[in-house]
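Below, each chain spelled out in residue letters.
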Amino acid sequence: MSKRFGGGLCALLLLTATFSAAAGELVATLEDGSEIARLPVPEGAGWCVLWHHSVKGFEVSDCYENRAGQMVLVRAHLPDFAAGLDHIPGRGRQVSDGQGGYWILDIDEAVAGNAYILRPGRGIVDHRLQVGDTTVSLSAIAPRARVTIALIEGMN
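The structure reproduced in this document is the subject of the present report.

Cut-offs and rules
- Chains are numbered independently. Their residues run from 1 in the order of the written sequence.
- Totals for whole chains, interfaces and linings use every residue, but because this is a predicted model, local features are given only for residues with pLDDT of at least 70 and side-chain atom pairs only at 80 or more, for both listing and counting.
- Side-chain numbers here rest on the full set of heavy atoms in the structure, without hydrogens or water.
- To qualify as a helix, a DSSP run of H or I must reach at least 4 residues; to qualify as a strand, a run of E must reach at least 2; elements of each kind are numbered from the N terminus.
- Residue contacts are counted whenever heavy atoms from the two residues lie within 4.5 Å of one another.
- In the analysis that follows, any N or O atom pair within 3.5 Å is treated as a polar contact, provided that within protein one partner can donate a hydrogen and the other can accept it, and provided that, for residues neighboring in sequence, both atoms belong to side chains.
- We call a pair of cysteine sulfur atoms a disulfide whenever their separation is within 2.5 Å.
- Think of it in three bands: with a 1.4 Å probe and only protein chains considered, a residue is buried below 20% of the maximum accessible area for its type, exposed above 50%, and partly exposed in between.
- In these notes, a set of buried Ala, Val, Leu, Ile, Met, Phe, Trp, Tyr and Cys residues joined through side-chain atoms within 4.5 Å is what counts as a nonpolar core.
- Centre distance within 6.5 Å is the pairing criterion for rings of Phe, Tyr and Trp, where only the six-membered ring of Trp is used; planes under 30 degrees apart are then read as stacked, over 60 as edge-to-face, and the remainder as tilted.
- Following DSSP output, two strands are said to pair if at least two bridges run between them.
- Simply put, an axis is a line fit to the C-alpha atoms, just over the touching stretch for a helix, and the angle between two N-to-C directions goes from 0 to 180 degrees.
- Salt bridges are counted wherever a side-chain nitrogen of Lys or Arg sits within 4 Å of a carboxyl oxygen of Asp or Glu.

## So, the environment of E65
Here's step 1: As for its placement among the helices and strands, E65 is situated in strand β4 (residues 59–67).
Here's step 2: Note: C-alpha distance between E65 and G46 (19 residues apart in sequence) is 4.0 Å.
Here's step 3: Discounting chain neighbours no more than four positions away, the residues touching E65 are A45, G46, W47, Q70, M71, V72 and V74.
Here's step 4: A polar side-chain atom of E65 sits 3.0 Å from a polar atom in the side chain of R67.

Here's what the structure looks like:
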């Protein structure tokens, strides 16, 4: 009987670990801990941080995935080689977007600690989180504030 219980317990623990990874959430918080966004990002799902280049005004994107509970930068779209935008050789591969810009694909870079700090720009810059059809403007909520963007285990 103990073997069946032990096997059942192992199966339950495996199911719990799988469920927890699947229940990921992208959370944006201010320095004081105030939460300004919480969006579901299950295992295998992705999201993008979008903004407009401060000089040229075109939209730039950095896109991530929840890979087994790890925040991973997977690709970026850069419509031009404007100031501050460039491909770093050896970090993904650059391909044309067919419209004068380029994608950097296959970056596959894990974000240390599953979080990073962003200071959303004001006005036209408009830093946004986009998960599926949901977009949250961090610039509208917290312009120039210190915002932590983190992938966390969801609470279900």
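So, next bit.
## A few points about the state of the cysteines
Here's step 1: In total, this model carries one disulfide according to the counting rule given.
Here's step 2: Between the sulfur atoms of C48 and its disulfide partner C63 the distance amounts to 2.1 Å. Around the S-S axis, the bridge from C48 to C63 shows a dihedral of about 100° and counts as right-handed. A residue pair is termed long-range when its members are at least 10 positions apart, and C48 in strand β3 (residues 46–52) and C63 in strand β4 qualify at 15 residues. Judged on exposure class, the residue C48 and its partner C63 are both buried.

## Some words on the nonpolar core
Here's step 1: The biggest cluster of nonpolar side chains holds 31 residues, and the ones touching the most others in it are L26, W47, Y64, M71, Y116, L129 and I149.
Here's step 2: Considering every element that reaches this core, the biggest residue donor is strand β5 (residues 70–78), with four residues.

## Here's the deal with the packing of aromatic side chains
For any pair of aromatic rings, the description consists of the separation of the ring centres together with the inter-plane angle of the planes.
Here's step 1: What the rule picks out here adds up to two aromatic pairs.
Here's step 2: Where W47 meets Y64, the ring centres are 5.6 Å apart and the plane angle is 10°; that geometry is what we call stacked. Placement of the pair is W47 in strand β3 and Y64 in strand β4, with a sequence separation of 17 residues.
Here's step 3: You can call W47 buried: its relative accessible area is 1%.
Here's step 4: A relative accessible area of 8% means that Y64 is categorised as buried.

## Describing the sheet that holds strand β9 (residues 115–118)
The strands making up a sheet associate through hydrogen bonds between their backbones, and the pairing can be parallel or antiparallel.
Here's step 1: In space, the four strands of this open sheet follow the order β2-β1-β12-β9, with antiparallel pairing throughout. Each edge of the open sheet carries a strand with a single partner, namely β2 (35–40) and β9. The sheet shows a mean angle of 15° between the axes of neighbouring strands, direction not considered.
Here's step 2: Sheet topology places strand β1 (residues 25–30) next to strand β12 (residues 147–152); six bridges connect them, and they run antiparallel. Along β12, the bridge assignment pairs L26 with L151.

## Examining the side chain of H52
Here's step 1: One can find H52 in strand β3.
Here's step 2: Looking at H52, its side chain comes within polar contact range of the main-chain oxygen of I124, at 2.9 Å.
Here's step 3: Excluding residues within four positions of it along the chain, H52 makes contact with G57, F58, E59, I124, V125, D126 and R128.

## Description of unusual backbone geometry
Here's step 1: One non-glycine residue, D108, lies in positive phi territory at about 45°.
Here's step 2: One can find D108 in the loop between β7 (102–105) and β8 (109–110).
Here's step 3: Judged by its relative accessible area of 41%, D108 is partly exposed.
Here's step 4: We note that N114 has phi near 60°; this positive angle belongs to a residue other than glycine.
Here's step 5: Note on placement: N114 falls in the loop between β8 and β9.

## Overview of the pattern of salt bridges
Here's step 1: Following the criterion strictly, the structure yields seven salt bridges and no others.
Here's step 2: A salt bridge links R67 to E65; the nearest nitrogen and oxygen atoms lie 3.0 Å apart.
Here's step 3: Among the residues examined, R67 registers a relative accessible area of 33% and is labelled partly exposed.
Here's step 4: Classification of E65 by relative accessible area gives partly exposed; the value is 22%.
Here's step 5: Here D126 and R128 are joined by a salt bridge, their closest N and O atoms 3.3 Å apart.
Here's step 6: The structure contains a network of salt bridges with shared partners spanning E25, E35 and R38.

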